[in-house]
Amino acid sequence: MTELDRRRFLQLTGITLTAAGLAACAGTGSSEDSGDDGPVESLTFWSNHPGESKPVETELLDAFTADTGIAVKLVTAGATYEEVAQKFNAALSGGELPDLVVASDVTWFNFALNEAITPMNDLWSAADLDVDGYVESLVSDYEFDGKNYALPYARSTPLFYYNKQMWAAAGLPDRGPETWAEFAEWAPRLAAANPGIPPLALPDGSNYLDWHFQGMIWTFGGAYSDEWKPTFTSPESLEAGQYLQDRFKQGHLAINNDPNSVFGAGQAASLLQSTGSLGGLSETAGFDFGTAFLPGPTPGCPTGGAGLAIPQRISDERKEKAMQLLAFLTNTENTITFTQATGYMPVRKDAVDDPKTQAFLEERPNARTALEQLELTQSQDYARVFLPGGGARIGAALDRITIGGEDVETVFGELDEESTTVFERDIEPKL
Amino acid sequence: MTTVAPRPETDAAARRGAHADTAPHQRTSPLSRVGGYLGLLLVVVLVALPLYWILVTSLKDRPDIYTVPVTWLPDPFTSDNYRAVGTGVSFTDYLRNSIIITTVLTVVEVTLGVLSAFALSFLRFPGRTLVLLFVIASLMVPNQVTVISNYALVAQLGWRNTFAGIIVPLAGVAFGTFLMRNHFLSLPKEIIEAAEMDAAGPLKMLWRVVLPMSWPTLIAFTLITIVNEWNQYLWPLLMADDSSTAPLPVGLAQLQDTAGLTNWGPVMAGTVITMLPILVIFLLLQRHMIKGLTAGAVKG
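Note that the structure is predicted; figures quoted are calculated from it, not measured.

Visitor: Now, about the sheet that holds strand β1 (residues 42–47) of chain A: what can you tell me, with residues and values included?
Guide: Hydrogen bonds between backbone groups are what pair the strands of a sheet, and the pairing can be parallel or antiparallel. Residues and elements named next belong to chain A. Read from one edge to the other, the open sheet built from five strands follows the order β2-β1-β3-β15-β6, with strand pairing classed as mixed. This sheet does not close on itself; its edge strands, each paired only once, are β2 (71–76) and β6 (151–156). Strand-to-strand twist in this sheet, taken as the mean axis angle between neighbours without regard to direction, amounts to 25°. Relative to strand β15 (residues 304–309), strand β3 (residues 100–104) runs antiparallel, the two being bridged by four bridges. Looking at β15, one finds that Val102 is bridged to Leu308. Lying on the sheet, helix α3 (residues 81–91) is in contact with β1, β2, β3, β6 and β15; it crosses β3 at an angle near 130°. Helix-sheet contacts for helix α13 (residues 316–329) involve β1, β2, β3, β6 and β15, and the interaxial angle to β1 is about 55°.

Right, here's the structure in full:
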């Protein structure tokens, strides 16, 4: 027993010494709480640099520092919105919180519900922010229970891209289909005129098919949900699901994890993809392509992308400065700079009307489509953006009915049940 | 159980002798030999094709990458993608960080793995079975489950964005302990007992008796550890804030444009550069693995 105690003692001593040594090696570790008192001399901005925006973000942050004397550390917090959310989620467990963080349309609500990000309405007046200058539908995307939890930053809508050469070969007019019924009529003609080429390429469920299908389901009169009540099994929603499955079975659409590359390589006659793809496609595609509104009847188009949020658990002074930075990044001039560098939509109305934007759009008519379509958008369904894991759950179900060939009614029925369970378990108790 | 090491060689020699004496035609039939070679060729092609494709894509320009039908050779040949990797991300910083993280983790994991496996195999102490159960149990817990609690702990220590913060939580050795222990138990007991009778202490036994018979497994363990740590993504992503500590996989992910159309050229160039050190290490260690296999066999 004595020997055992000695051994334990030695073990404990060893562990303590190792921990102390490692702690000493850590050296530069800073304090966990970024909500220090005192004047704010620096801020931290967590971004995934949407649309390859790191250079332009750096440029804007440098300008902010020059204006205010506040240094801003730009942190690459992930390659995707989901990774940023993952890192932010981890930081909430006790790490250093950023002062400003990119929050996508499907991640912000969960943070708002758990009081991880702060309502901004009071901060707006402190920062002298002209909220009415933002595009209303984009601002309202971050509103819940009368409070706004983010402001729009890198926003986009899906677009209908089409290969003009293949369109001409099928004898089709130089425009996108006005309805999905019209697309169903055009698809066989496109397939016949362009053998081996699918008439439409779509991303799979892990690459936001759920976002693109949301517009489609609306045009059939269905929806993912009516506020919190899932409506996947309504006759209209099932009809939309059946339409998607039928087109896939008939070879009228190809589901792919990188449909941009397929379309860019001339291997699909058309494509549903974000406005953010326009820049890359313009550089890559060796053919003439056009952009069109998503098929209607309207509204057949959701908005998406990311906003900027401010964490709840930082000091009030840091929140105010973060709001000041947010206002700077999305002021008219910087909105123009950001959108022209990335291809995202202007989030401010006066940026849309600005002569610089108009001149930019004159040269790029394909980019104009997204702006004009903005009027026909509507906010997304709760089941996708507010329920935890909603987008991923719907995407997986859509993969099952397309690639998996499973029965639409069964899969959508399960989706309905799962969504109800998640709501009752994770959301309802917190409302 | 006691003659595990000598058996493969003895059996192989016996088989060779048997074939030489009795029915050599079954092994040397031209048809089966051609079939064997074709099978081997197919496997080589399956393994090599993706690597070849990565290399070729890294040397193509953007339109060429998307050309249909695909081109098997770059047309035109360009090294711009490699330059783009250098300018697109702080490549040398990420490379340095990857080397530091992988080296430290490999040394720590292999050392602790061998020592703990030795203790669990050859030393008698109270609670040995319980410790082993803990080791096995920890193998069954997915890393993702412990991410948040590890993060909270590391953040409280003030280790965010430090090498210590990235390295310490990854330095778990359950896999190594388990692997090496199983190997140690398969060693001939006679040799261990002989060493004990010669009054070899634990350290002497480890260095002079056990390890010389364990090179193949040890090198395999080292190789697995190196590859594993070189490819770490989630934990370093959570811990690191910038290129002062983030490793290559985190840096290279920035080259991929998730919203738009990824320019695969620089991504593939980055992948080639990331793969190269591992490939070199694998080639070097593979030679020693074969050497170790023959040296480790006990002639009987």
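Visitor: Give a description of a nonpolar patch on the surface that names residues and reports values.
Guide: Nonpolar side chains collect at one region of the surface, where Val34(B), Leu38(B), Leu41(B), Val45(B), Leu49(B), Tyr52(B), Val70(B), Trp72(B) and Leu73(B) lie side by side and expose about 850 Å² of accessible area between them. Mapped onto the fold, Leu38(B) is located in helix α3 (residues 30–58).

Visitor: So, the pattern of salt bridges: which residues are in play, and what are the values?
Guide: Taken as a whole and judged by the stated rule, the model has 20 salt bridges over all chains. Where Arg160(B) meets Glu96(A), a salt bridge forms, and the shortest distance between an N and an O atom there is 3.9 Å. Separated into two different chains, Arg160(B) in the loop between α8 (143–156) and α9 (163–167) and Glu96(A) in the loop between α3 and β3 make up a pair that spans both. The class for Arg160(B) is buried, based on a relative accessible area of 5%. Between Asp210(A) and Arg384(A) there is a salt bridge, with its nearest N and O atoms 2.6 Å apart. Placement of the pair is Asp210(A) in helix α9 (residues 209–219) and Arg384(A) in helix α18 (residues 382–385), with a sequence separation of 174 residues. One exposure class covers both Asp210(A) and Arg384(A), and it is buried.

Visitor: Please give an account of the domain arrangement of chain A that cites residues and values.
Guide: Residues and elements named next belong to chain A. What the domain assignment reports for chain A is domain 1 (42–156 + 304–373) and domain 2 (158–303 + 379–430). In this assembly, 23 residues from domain 1 lie in contact with 26 residues from domain 2. Regarding the contact of domain 1 and domain 2, the summed buried area is about 2100 Å², with carbon and sulfur atoms giving 56% of it. Inspection of the region where domain 1 meets domain 2 yields one salt bridge. Looking at the side of domain 1 that touches domain 2, the elements that each hand over two or more residues are α3, α4 (108–113), α6 (136–140), β6 and α17 (365–373). Sort the elements by how many residues they give to the side of domain 1 that touches domain 2 and α17 lands first, with six residues. Its residues assigned to classes, the side of domain 1 that touches domain 2 comprises nine nonpolar, nine polar and five charged.

Visitor: Give a detailed account of the domain arrangement of chain B, specifying residues and quantitative values.
Guide: A common way to report how large an interface is uses the accessible area buried once the components associate. All names here are of chain B. Taken domain by domain, chain B comprises domain 1 (33–77) and domain 2 (91–297). Each of domain 1 and domain 2 has a C-alpha centre, and the two are 32 Å apart. Contacts between the two partners involve eight residues from domain 1 and, on the opposite side, ten residues from domain 2. In total, about 810 Å² of surface goes out of reach between domain 1 and domain 2, with carbon and sulfur atoms giving 73% of it. Here domain 1 and domain 2 share zero salt bridges between them. Counting across the domain 1 and domain 2 interface gives zero residue pairs in polar contact (both at pLDDT 80 or more). The element best represented in the side of domain 1 that touches domain 2 is α3, accounting for five residues. Taken together, the residues that form the side of domain 1 that touches domain 2 break down as five nonpolar, two polar and one charged.

Visitor: If you had to explain the pairing of β2(A) to someone new, which residues and values would you point to?
Guide: One ladder, built from six bridges, connects β1(A) with β2(A); its direction is parallel. Bridge pairing links Ser47(A) to Thr76(A) in β2(A).

Visitor: Tell me about the nonpolar core, and please be specific about residues and values.
Guide: The biggest cluster of nonpolar side chains holds 174 residues, and the ones touching the most others in it are Phe45(A), Trp108(A) and Phe412(A). For Phe45(A), the residues in contact, after removing those within four places along its chain, are Glu57(A), Leu61(A), Val72(A), Lys73(A), Leu74(A), Val75(A), Leu100(A), Val102(A), Tyr153(A), Leu308(A) and Leu329(A). Among the nonpolar cores identified, the runner-up in size contains 19 residues, and Val110(B), Leu187(B), Met205(B) and Leu218(B) belong to it.

Visitor: I'd like a rundown of helix α10 (residues 174–185) of chain B, residues and numbers included.
Guide: Residues spaced three or four apart along an α-helix face the same direction, because each turn holds 3.6 residues. All names here are of chain B. Between the first and last C-alpha of α10 there are 16 Å, a value that for twelve residues agrees with the 16 Å anticipated at 1.5 Å per step. Listing the buried residues of α10 in full gives Ala174, Gly176, Thr177, Met180, Arg181, His183 and Phe184. Summarising the contacts, the buried residues of α10 are in contact with α6 (91–122), α7 (128–139), α12 (202–210) and α13 (215–230).

Visitor: How would you summarise the UniProt feature "transmembrane region" (unreviewed entry) in chain B if you had to cite specific residues and measurements?
Guide: Residues and elements named next belong to chain B. The UniProt entry lists residues 34–55, 99–123, 130–151, 163–184, 205–227 and 264–285 under the feature "transmembrane region" (unreviewed entry), expressed in the numbering used here. What you have in residues 99–123 is 96% helix and 0% strand, and the ends, taken at the C-alpha atoms, are 35 Å apart. Within residues 205–227, the helical portion is 83% and the strand portion 0%, while the C-alpha atoms at the span's ends are 29 Å from each other.

Visitor: Provide a residue-level description of the packing of α7(B) against α10(B), including the pertinent values.
Guide: Residue and element names in this part refer to chain B. Relative orientation of the contacting elements α7 and α10 amounts to 120°, with a least axis distance of 9 Å. As the angle between them shows, α7 and α10 are arranged oblique. Between α7 and α10 the crossing geometry is left-handed. Listed contacts from α10 to Leu132, Val135, Ile136, Ser138 and Leu139 of α7 are Ala174, Phe175, Thr177, Phe178 and Arg181. Residues belonging to the contact of α7 with α10 are distributed by class as follows: seven nonpolar, two polar and one charged.

The rules we used
- Residues numbered from 1 in each chain as written.
- Chains lettered and ligands numbered in written order.
- Predicted model: local features only at pLDDT ≥ 70, side-chain atom pairs only at ≥ 80, totals over all residues.
- Heavy atoms only, no water.
- Pairing = 2+ DSSP bridges.
- Helix = DSSP H or I, 4+ residues; strand = E, 2+ residues; numbered from the N terminus.
- Axes fitted to C-alpha atoms, helices over the stretch in contact; angles between N-to-C directions.
- Contact = heavy atoms within 4.5 Å.
- Patch = residues over 30% accessible without salt bridge, like charges linked within 9 Å, V, L, I, M, F, W, Y side chains within 5 Å.
- Areas by Shrake-Rupley, 256 points an atom, 1.4 Å probe, with all protein chains shown as cover.
- Salt bridge = Lys/Arg side-chain N within 4 Å of Asp/Glu carboxyl O.
- Buried < 20%, exposed > 50% of the residue type's maximum accessible area, 1.4 Å probe, protein only.
- Domains from an automatic or database assignment.
- Buried area = accessible area lost by both parts, 1.4 Å probe.
- Nonpolar A, V, L, I, M, F, W, Y, C, P; charged D, E, K, R; others polar.
- Polar contact = N/O pair within 3.5 Å; in protein donor to acceptor, adjacent residues only side chain to side chain.
- Core = buried A, V, L, I, M, F, W, Y, C linked by side-chain atoms within 4.5 Å.
- Expected span 1.5 Å × (residues − 1).
- UniProt positions renumbered as here; feature names shortened; annotations may be inferred.
- Parallel < 35°, antiparallel > 145°, perpendicular 65-115°, else oblique.
- Left-handed = near helix turned anticlockwise from the far one by under 90°.

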